[in-house]
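Residues per chain are reported as follows:
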Amino acid sequence: MKYALNLFGYTVDCRIDFPDGTMRIDIDDEDQAALRAYLLRVLVKYGRQPGPQDSLESLVQAAIEIEKGMSGHLSEPKLKLPYEFQPEIKEKLIEAAELQDMSATQLLIRLIERKHQSVFGKEG
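Residues numbered from 1 in each chain as written. Predicted model: local features only at pLDDT ≥ 70, side-chain atom pairs only at ≥ 80, totals over all residues. Heavy atoms only, no water.

*Asks:* Hey, could you go over unusual backbone geometry for me, with residue numbers and the actual values?
*Replies:* Of note, Asp20 is a non-glycine position whose phi angle comes to about 55°, a positive value. Of note, Asp101 is a non-glycine position whose phi angle comes to about 55°, a positive value. Here Asp101 falls in the exposed class, since its relative accessible area comes to 72%. (Buried < 20%, exposed > 50% of the residue type's maximum accessible area, 1.4 Å probe, protein only.)

*Asks:* Would you mind going over the environment of Val12 in detail, with residue names and values included?
*Replies:* Secondary-structure assignment places Val12 in strand 2 (residues 10–17). For the pair Val12 and Leu35, spaced 23 residues apart in sequence, the C-alpha to C-alpha distance is 7.5 Å. Once residues within four sequence positions are removed from consideration, Val12 is found in contact with Tyr3, Ala4, Leu5, Leu7, Ile27, Asp31, Leu35 and Arg110. (Helix = DSSP H or I, 4+ residues; strand = E, 2+ residues; numbered from the N terminus. Contact = heavy atoms within 4.5 Å.)

*Asks:* Now, about the sheet that holds strand 3 (residues 24–26): what can you tell me, with residues and values included?
*Replies:* Spatially, the 3 strands line up as an open sheet ordered 1-2-3, and their pairing is antiparallel. A strand with exactly one partner marks an edge of an open sheet, and here the two such strands are strand 1 (2–7) and strand 3. Taking the axes of each pair of neighbouring strands and ignoring which way they run, one obtains an average angle of 45° across the sheet. Direction of pairing for strand 2 relative to strand 3: antiparallel, over a ladder of 3 bridges. Paired with Asp17 across the bridge in strand 3 is Arg24. (Pairing = 2+ DSSP bridges. Axes fitted to C-alpha atoms, helices over the stretch in contact; angles between N-to-C directions.)

*Asks:* I'd like a description of the side chain of Asp31, backed by residues and values.
*Replies:* Position of Asp31 relative to the elements: it lies in helix 1 (residues 29–42). A distance of 2.5 Å separates the side chain of Asp31 from the side chain of Arg114, its partner in a polar contact. With sequence-adjacent residues up to four places away left out, Asp31 is seen in contact with Val12, Asp13 and Arg114. (Polar contact = N/O pair within 3.5 Å; in protein donor to acceptor, adjacent residues only side chain to side chain.)

*Asks:* Kindly report on the packing of helix 3 (residues 87–99) against helix 4 (residues 104–120), identifying the contributing residues and their values.
*Replies:* Helix 4 packs onto helix 3 with a crossing angle of 90° between their chain directions and a minimal axis gap of 8 Å. As judged from the angle between their axes, helix 3 and helix 4 are roughly perpendicular. Packed against helix 3, whose contacting residues are Leu93, Ile94, Ala96 and Ala97, the element helix 4 presents Ala104, Leu107 and Leu108 at the interface. Grouping the amino acids of the contact of helix 3 with helix 4 by side-chain chemistry returns 7 nonpolar, no polar and no charged. (Parallel < 35°, antiparallel > 145°, perpendicular 65-115°, else oblique. Nonpolar A, V, L, I, M, F, W, Y, C, P; charged D, E, K, R; others polar.)

*Asks:* I'd love a proper account of the nonpolar core, names of residues and values included.
*Replies:* Phe8, Tyr10, Val12, Leu35, Tyr38, Leu39 and Leu43 are the most contacted members of the largest nonpolar core, which totals 18 residues. Elements with a minimum of two residues in this core: strand 2, helix 1 and helix 2 (56–68). When residues in this core are grouped by element, the largest group, 6 residues, is from helix 1. Within the second largest apolar cluster, 6 residues are counted, among which are Ala97, Met102, Ala104 and Leu108. (Core = buried A, V, L, I, M, F, W, Y, C linked by side-chain atoms within 4.5 Å.)

*Asks:* Account for the pattern of salt bridges, naming residues and giving values.
*Replies:* Opposite charge on two side chains allows them to pair when their charged atoms are near. This structure, assessed with the given rule, holds 7 salt bridges. Across the pair Glu65 and Arg48 runs a salt bridge whose closest N-O atoms are separated by 2.5 Å. Taken as a pair, Glu65 in helix 2 and Arg48 in the loop between helix 1 and helix 2 lie far apart in primary sequence, 17 residues in all. Overlapping salt bridges bring together Asp13, Glu30, Asp31, Arg110 and Arg114 as one network. (Salt bridge = Lys/Arg side-chain N within 4 Å of Asp/Glu carboxyl O.)

Without other data, these values stay purely geometric and don't point to any function.
Below is the structure:
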């Protein structure tokens, strides 16, 4: 089944399966790369100095460790992008964001990050 997993303030699309009675979560390589880029950026705000050599596993472990000590969740500061669209484009953006249970700004950021990854590569 498809599921939107929220990891440390970042929503990642995944597939949850139960082969042989055990739960397995699959996240596309592109989404893993985006999550990795997000953690590299956000962990710095929590006093860590991750580097490009750090694995996704070590980044997630560091984020979990920080979150456990905070009584909350890691998150990036919410920001409002200064954008203006034609009304019909704005309506489509809002509708698409609502379907994914996120704000239009979060959807734009996600789309921009994915495009950035596709242009500049995984370490971007």
